[in-house]
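Here's the letter readout for the chains.
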Amino acid sequence: MDLTFYHNKKVLITGHTGFKGSWMCQMLVMAGARVTGYALNAPTDPCLFDLCHLAEKIDSVTGDVRDLKHMKDVFARTQPEIVIHMAAQPIVRESYEDPVYTYETNVMGTVNVLECVRCTPSVKSFLNVTTDKVYLNREWDWGYRENEELNGFDPYSNSKSCSELVTSSYKNSFFSGDSVAISTARAGNVIGGGDFSADRIIPDCIRAVEKGQDIPVRNPFSIRPYEHVLEPVAAYLMIARAQYEDIRYAGNYNVGPDEADCWNTGDLVSLFCRKWNQMAGGSVKWMNQFDGGPHEANFLKLDCSRLKRTFGWNPCWNAETAVEKVIEWTLDYFGGKDVSMCMQKQISEFLGLQQS
């Protein structure tokens with residue numbers, strides 16, 4: 001993973017104010033890229049994007065992916081070479097509460113971004129970031145491969161399945177030549193410092209610790225492919241670069257941890273408690289608080305052999321290290337330190353492992 005490729009490259013990121021988008025912006029800023037972000041205001045308060053003052057380091061545009069005219073104007077002004085689409089309504093439970101907004105954002109938002117790509121000759125590489133939940137979940141205990149059936153159950157998962165189909169249709173209909181390389185990336189559950197989202201397990205842990213409470217766990221027996229946020233962010237940039245240089249690398253890719261890091265939620269929270277008590281002191285513990293909420297998959301793994309085979313890629317940080325990095329960032333945040341420096345340090349450590 002050589003970030004020098006991105007020096008002076010014009011990269012447009014949708015959803016840049018989100019958790020994953022903020023880490024990507026920070027990595028690209030370190031690489032010297034010319035970054036334009038297009039997104040609504042940050043979805044949480046506090047938010048990582050503001051804590052790191054990233055609006056001062058990139059061209060940050062406030063915009064809605066449902067607004068095609070505005071987005072076309074931004075593409076025309078910035079003439080990006082690489083587009084990474086991450087804007088989404090990303091929460092399963094919220095998709096049950098507001099399915100129309102979820103579909104408008106995740107499906108028509110993808111249509112609008114691809115339409116902008118179609119109308120912008122400067123774009124050479126496009127990556128649509130979706131999710132491991134796009135697959136028809138059969139609750140089997142082996143990893144889903146890229147050629148498995150797409151049909152997410154809940155409105156969020158299904159809308160991202162639709163986003164995949166929209167991308168395939170645009171690719172076949174308008175990009176069948178070699179003008180633009182188009183890929184999708186289906187990532188597992190990400191964890192990392194600076195995630196303040198609702199209904200995510202590690203942020204729930206942090207909020208409980210901050211309040212001095214036991215950690216509530218709604219579904220301790222669900223199994224998910226957990227990975228540090230830098231794993232998919234670096235993989236996205238790797239794919240975007242590879243297909244920019246050689247369109248034959250364009251395709252669909254799973255991005256997830258090795259099978260050993262597909263943890264059930266209760267075990268992951270136990271790991272968090274153990275690491276927190278070691279690194280910060282205290283006696284943090286969790287409680288089973290199953291609430292009988294809306295349907296979510298119980299068992300989900302990814303087969304990432306295509307990514308490994310194509311690029312020689314492997315995960316760098318296992319779940320234990322990932323949790324340690326979350327706690328390291330959180331302790332800096334609680335202590336009033338410059339969390340952007342912590343991010344830069346962790347990015348440098350991560351990329352050093354990739355290059356060794």
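Residues numbered from 1 in each chain as written. Predicted model: local features only at pLDDT ≥ 70, side-chain atom pairs only at ≥ 80, totals over all residues. Heavy atoms only, no water.

With that out of the way, let us pick up the sheet that holds strand β9 (residues 223-228). Ordered in space as β7-β9-β11, the three strands form an open sheet in which the pairing is mixed. Unpaired on one side and paired on the other, β7 (189-191) and β11 (262-264) mark the two borders of the sheet. On average, each strand axis in the sheet is tilted by 50° relative to the strand beside it, whichever way the strands run. In this fold helix α9 (residues 265-279) packs onto β9 and β11, with an angle of close to 90° to the strand it touches most, β11. Seen against the sheet, helix α11 (residues 319-334) touches β7, β9 and β11 and runs at an angle of roughly 45° to β7. (Pairing = 2+ DSSP bridges. Helix = DSSP H or I, 4+ residues; strand = E, 2+ residues; numbered from the N terminus. Axes fitted to C-alpha atoms, helices over the stretch in contact; angles between N-to-C directions. Contact = heavy atoms within 4.5 Å.)

Among the six residues in strand β2 (residues 34-39), five count as buried, and that is most of the element. One ladder, built from five bridges, connects strand β1 (residues 10-14) with β2; its direction is parallel. Bridge pairing in β2 places T14 opposite Y38. In terms of handedness, the path from β1 via helix α1 (residues 19-31) over to β2 forms a crossover that is right-handed. Of the pairings in the sheet, the one linking β2 to strand β3 (residues 59-62) comprises four bridges and is parallel in character. Counted as the bridge partner of A39 is T62 from β3. (Buried < 20%, exposed > 50% of the residue type's maximum accessible area, 1.4 Å probe, protein only. Right-handed = clockwise from strand over helix to strand, strands pointing away.)

To continue, consider the packing of helix α7 (residues 201-211) against α11. Any two packed helices are characterised by how steeply their axes cross, that is the angle between the axes, and by the distance between the axes. At their nearest, the axes of α7 and α11 sit 12 Å apart, and the two run at 40° to each other. Taken together, the axes of α7 and α11 lie oblique to each other. The interaxial crossing formed by α7 with α11 has right-handed handedness. Side by side, α7 and α11 meet where I202, I206 and E210 of the first sit next to V326, T330 and F334 of the second. (Parallel < 35°, antiparallel > 145°, perpendicular 65-115°, else oblique. Left-handed = near helix turned anticlockwise from the far one by under 90°.)

With that settled, the discussion passes to the pattern of salt bridges. On inspection of all chains with the given rule, the structure shows 25 salt bridges. When the shortest N-O distance is used, the salt bridge between D199 and R218 registers 3.3 Å. In this pair, D199 sits in the loop between β7 and α7 while R218 sits in the loop between β8 (215-217) and β9, placing the two residues 19 residues apart along the sequence. You can call D199 partly exposed: its relative accessible area is 34%. Note that E259 is salt-bridged to K301, the shortest N-O span being 2.9 Å. A residue pair is termed long-range when its members are at least 10 positions apart, and E259 in the loop between β10 (252-255) and β11 and K301 in the loop between β12 (286-288) and α10 (305-311) qualify at 42 residues. Overall, the relative accessible area of 10% leaves K301 in the buried class. Taken together, the shared-partner salt bridges in this structure form one network comprising D199, D204, R207 and R218. (Salt bridge = Lys/Arg side-chain N within 4 Å of Asp/Glu carboxyl O.)

Moving on, we come to the nonpolar core. Judged by nonpolar contacts, the single largest core of 58 residues is most densely connected at Y6, W23, M24, L28, I84 and Y236. Not counting residues up to four positions away in its chain, the partners in contact with M24 are I13, I84, M86, V233, Y236 and L237. (Core = buried A, V, L, I, M, F, W, Y, C linked by side-chain atoms within 4.5 Å.)

With that out of the way, let us pick up the packing of α9 against α11. Direction vectors running N to C along α9 and α11 enclose 50°, while the axes themselves pass 10 Å from each other. It follows from the interaxial angle that α9 and α11 lie oblique. Of the two elements, α9 crosses α11, and the hand of that crossing is right-handed. Mapping the contact onto sequence places L268, L271, F272, R274, K275, W276 and M279 in α9 and A319, E320, V323, E324, I327, E328, T330, L331 and F334 in α11. When grouped by side-chain class, the residues that make up the contact of α9 with α11 number ten nonpolar, one polar and five charged. (Nonpolar A, V, L, I, M, F, W, Y, C, P; charged D, E, K, R; others polar.)

We now examine the sheet that holds strand β5 (residues 125-129). A sheet is described by the order of its strands in space; here seven strands give the open sequence β3-β2-β1-β4-β5-β6-β10, paired in parallel fashion. The sheet is open, and its two borders are formed by β3 and β10, each paired with just one other strand. For this sheet, the mean angle separating the axes of adjacent strands, direction not counted, is 20°. Lying over the sheet, α1 contacts β1, β2, β4 (82-85), β5 and β6 (181-187), oriented at roughly 170° with respect to β1.

Okay, the packing of aromatic side chains next. Under the definition given, this model contains 13 aromatic pairs. Aromatic pair W276 and F334: ring centres 6.2 Å apart, planes at 70°, arrangement edge-to-face. Of this pair, W276 sits in helix α9 while F334 sits in helix α11, placing them 58 residues apart in sequence. W276 gets classed as buried once you look at its relative accessible area, which sits at 6%. Using a relative accessible area of 32% as the deciding quantity, one classes F334 as partly exposed. Aromatic side chains W317 and F350 sit 5.2 Å apart centroid to centroid with 80° between the ring planes, which places their arrangement in the edge-to-face category. Taken together, the residues span a long stretch of sequence, with W317 in the loop between α10 and α11 and F350 in helix α12 (residues 339-355) at a distance of 33 residues. Look at W317 and you get buried, because its relative accessible area is 7%. When its relative accessible area of 0% is taken as the criterion, F350 is described as buried. Taken together, the ring pairs connect F196, F272, W276, W329, Y333 and F334 into an aromatic cluster. (Phe/Tyr/Trp six-rings, centres within 6.5 Å; stacked < 30°, edge-to-face > 60°.)

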